[in-house]
Amino acid sequence: MKQSKQILKNTNAEILDEFNASIMFDKELYRQDIKGSIAHSKMLALQNIISNDEQLEIEKGLLQVLEEIEKGEFKFSLEFEDIHMAVESRLIEIIGDAGKRVHTARSRNDQVCTDFTLYVQEKSVSIKKQIKTLIETFVELANKHTDTLMPGMTHLQHAQPINFGFHMMAYANMFKRDFERFESSYERNNYSPLGSAALAGTPHNIDRFKTAELLGFSAPTQNAMDSVSNRDFALEILFNISTCMMHISRISEELILWSSYEFGFVKMSDMYATTSSIMPQKKNPDVPELLRGKTGRVYGNLISLLTVMKSLPLAYNKDTQEDKEGVFDSVSTIEISLSILNEVIKTMIINKERMFEACKIGHLTATDLADYLVLKQNIPFRTAYYITKEVVAFANSINKDISELNIDEIRKSSKDLENVNEDIVSYLNLENSMNSRNSFGGTSTKQTKLAIETFQNWLKNS
């Protein structure tokens, strides 16, 4: 009986160790942890808190730890609870007592926040670069299709003729906003928590501006208590990733629709589509579906951390150990998603003929007829609207699209159009309709080319 209780006690201890430890996931921060410790040791030496010799020993030892981890020789164990203690313990093994001085004038509270901030900042930069590459792909594709007609839609119903380049530039604009979000978040969060210690600063004569400089931060944070409890930077990257994944999901949805038999606008490379397990004739858009599905995953990570943070009192709380796994997962998800989407867009084949034929469904130039009657006949728009309805009904009765009607058919379609001028036919032409929308930001070939040129200049300078 005593033996059974002892076994249970030991088992519970093991479970508690596993529950309490973060080493098996926060080991992802080993580079940032070592970088932060080297900077901290340099500052301590400059302030005469440790000797120069001790600093050199510490730095050499930390670089050895880094090498061991990257070679796969470092043993991560629950014994050390987190990456900070694991690195420090190994450092002491390598250099002895000098290693025990590295933690002077800091706490794991400010250390973890510094490591995590460095990670988020680095990933914000790399993700931003990936987004820029994707924007370049959209702009290049748009530049090839500034006069490729396709139906523009609202409510997923055919609405007005646009060009495919214009549609691609809509996504370029979306992802440019994502780029700018990561950029502004980087600037807003580029402040060093290191030196805040547990929550109230330290009595040691440290130089937080120096460690901020050594680590590439703009400056140290202003308030030690806020610094160790702040996870806004983590929430921001999760929000930025979620918004970017929402845009990825939207283009993925359109690719799924466009590659179906009903649309047939695009054909995806066989690398990014698969056949059915029992229906060999089918080609499933698996990759866009996965991209669409993974959006829900990153939304969950954002909501999870918001929930963790919603009622935490100042300052540090163990709850914030739950901040990292979701960020690591979302970062990994957005990185692979941006890379794959870029290749999907680059390799897909555009069916220009099918797009053009689709423009003849749904009377896309009906609005042009109403506009013509307002501009050329001085007819009130609401009256013009009902006249246009008559013309559409007539076109349906003879199984034609309104853009295909000749002048005789137009005059026959409504008593209000019996004496209309022949130039009305040109207003119903699909290409003319697209190019007539020449207001800034419109779909005309001219405006689309102007937008592309603007983006090309932005890409060169960003």
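Residues numbered from 1 in each chain as written. Predicted model: local features only at pLDDT ≥ 70, side-chain atom pairs only at ≥ 80, totals over all residues. Heavy atoms only, no water.

- As recorded in an unreviewed UniProt entry, the protein chain goes by the name Argininosuccinate lyase, listed as coming from Arcobacter porcinus.
- The UniProt entry for the protein chain carries the following comment under Sequence similarities (unreviewed entry): "Belongs to the lyase 1 family. Argininosuccinate lyase subfamily."
- Listed in UniProt under the heading Subcellular location (unreviewed entry), the comment for the protein chain reads: "Cytoplasm". (UniProt positions renumbered as here; feature names shortened; annotations may be inferred.)

## Some details on helix 7 (residues 164–189)
Part 1 of the reasoning: Over its 26 residues, helix 7 runs 38 Å from end to end, which matches the ideal 38 Å to within 8%, given 1.5 Å per residue.
Part 2 of the reasoning: The opening residue of helix 7 is asparagine 163, an N-cap whose side-chain oxygen sits 3.1 Å from the backbone nitrogen of glycine 165. (Helix = DSSP H or I, 4+ residues; strand = E, 2+ residues; numbered from the N terminus. Expected span 1.5 Å × (residues − 1). Polar contact = N/O pair within 3.5 Å; in protein donor to acceptor, adjacent residues only side chain to side chain.)

## Comments concerning the environment of aspartate 286
Part 1 of the reasoning: Within the secondary structure, aspartate 286 is located in helix 11 (residues 286–309).
Part 2 of the reasoning: Exposure remark for aspartate 286: the relative accessible area of 26% places this residue in the partly exposed category. (Buried < 20%, exposed > 50% of the residue type's maximum accessible area, 1.4 Å probe, protein only.)

## A word on the domain arrangement of the protein chain
Part 1 of the reasoning: Structurally, the protein chain comprises domain 1 (13–104), domain 2 (109–356) and domain 3 (362–435).
Part 2 of the reasoning: Relative placement of domain 1 and domain 3: their C-alpha centres are 76 Å apart. (Domains from an automatic or database assignment.)

## Things to note about the packing of helix 3 (residues 30–46) against helix 5 (residues 83–95)
Part 1 of the reasoning: The geometry of helix 3 relative to helix 5 is characterised by a closest axis approach of 10 Å and an angle of 60° between their N-to-C directions. The pairing of helix 3 with helix 5 is recorded here as oblique in orientation. Handedness of the crossing formed by helix 3 with helix 5: right-handed. Along the contact surface, helix 3 presents Tyr30, Asp33 and Ile34, while helix 5 presents Ile83, His84 and Val87.
Part 2 of the reasoning: Taken together, the residues of the contact of helix 3 with helix 5 break down into 4 nonpolar, 1 polar and 1 charged. (Axes fitted to C-alpha atoms, helices over the stretch in contact; angles between N-to-C directions. Parallel < 35°, antiparallel > 145°, perpendicular 65-115°, else oblique. Left-handed = near helix turned anticlockwise from the far one by under 90°. Contact = heavy atoms within 4.5 Å. Nonpolar A, V, L, I, M, F, W, Y, C, P; charged D, E, K, R; others polar.)

## Here we look at helix 4 (residues 52–70)
Three- or four-residue spacings in an α-helix give side chains the same orientation, since the helix completes a turn every 3.6 residues.
Part 1 of the reasoning: Between the first and last C-alpha of helix 4 there are 27 Å, a value that for 19 residues agrees with the 27 Å anticipated at 1.5 Å per step.
Part 2 of the reasoning: By the burial criterion, the buried members of helix 4 are Glu54, Gln55, Ile58, Glu59, Gly61, Leu62, Val65, Glu68 and Ile69.
Part 3 of the reasoning: Buried residues along helix 4 sit in contact with helix 3 and helix 5.

## Regarding the UniProt feature "domain: Argininosuccinate lyase C-terminal" (unreviewed entry) in the protein chain
Part 1 of the reasoning: As annotated by UniProt and renumbered to match this structure, "domain: Argininosuccinate lyase C-terminal" (unreviewed entry) occupies residues 363–435.
Part 2 of the reasoning: Secondary structure within residues 363–435 divides into 63% helix and 0% strand; the distance between the first and last C-alpha atoms comes to 17 Å.

## Some words on the side chain of serine 403
Part 1 of the reasoning: If you trace the backbone, serine 403 turns up in the loop between helix 15 (381–397) and helix 16 (407–413).
Part 2 of the reasoning: Serine 403 gets classed as buried once you look at its relative accessible area, which sits at 18%.
Part 3 of the reasoning: Serine 403 has contacts with Thr365, Leu428 and Leu430, leaving out every residue within four places of it along the chain.

## Details of the pairing of strand 1 (residues 149–154)
Along a regular strand, successive side chains alternate from one face of the sheet to the other.
Part 1 of the reasoning: In this sheet, strand 2 (residues 157–163) lies alongside strand 1 in antiparallel orientation, the contact comprising 6 bridges. Within strand 2, the residue paired with proline 151 across the bridge is proline 161.
Part 2 of the reasoning: Where strand 1 folds back onto strand 2 in an antiparallel hairpin, the turn is made up of 2 residues, including histidine 155, whose phi is positive at roughly 60°. (Pairing = 2+ DSSP bridges.)

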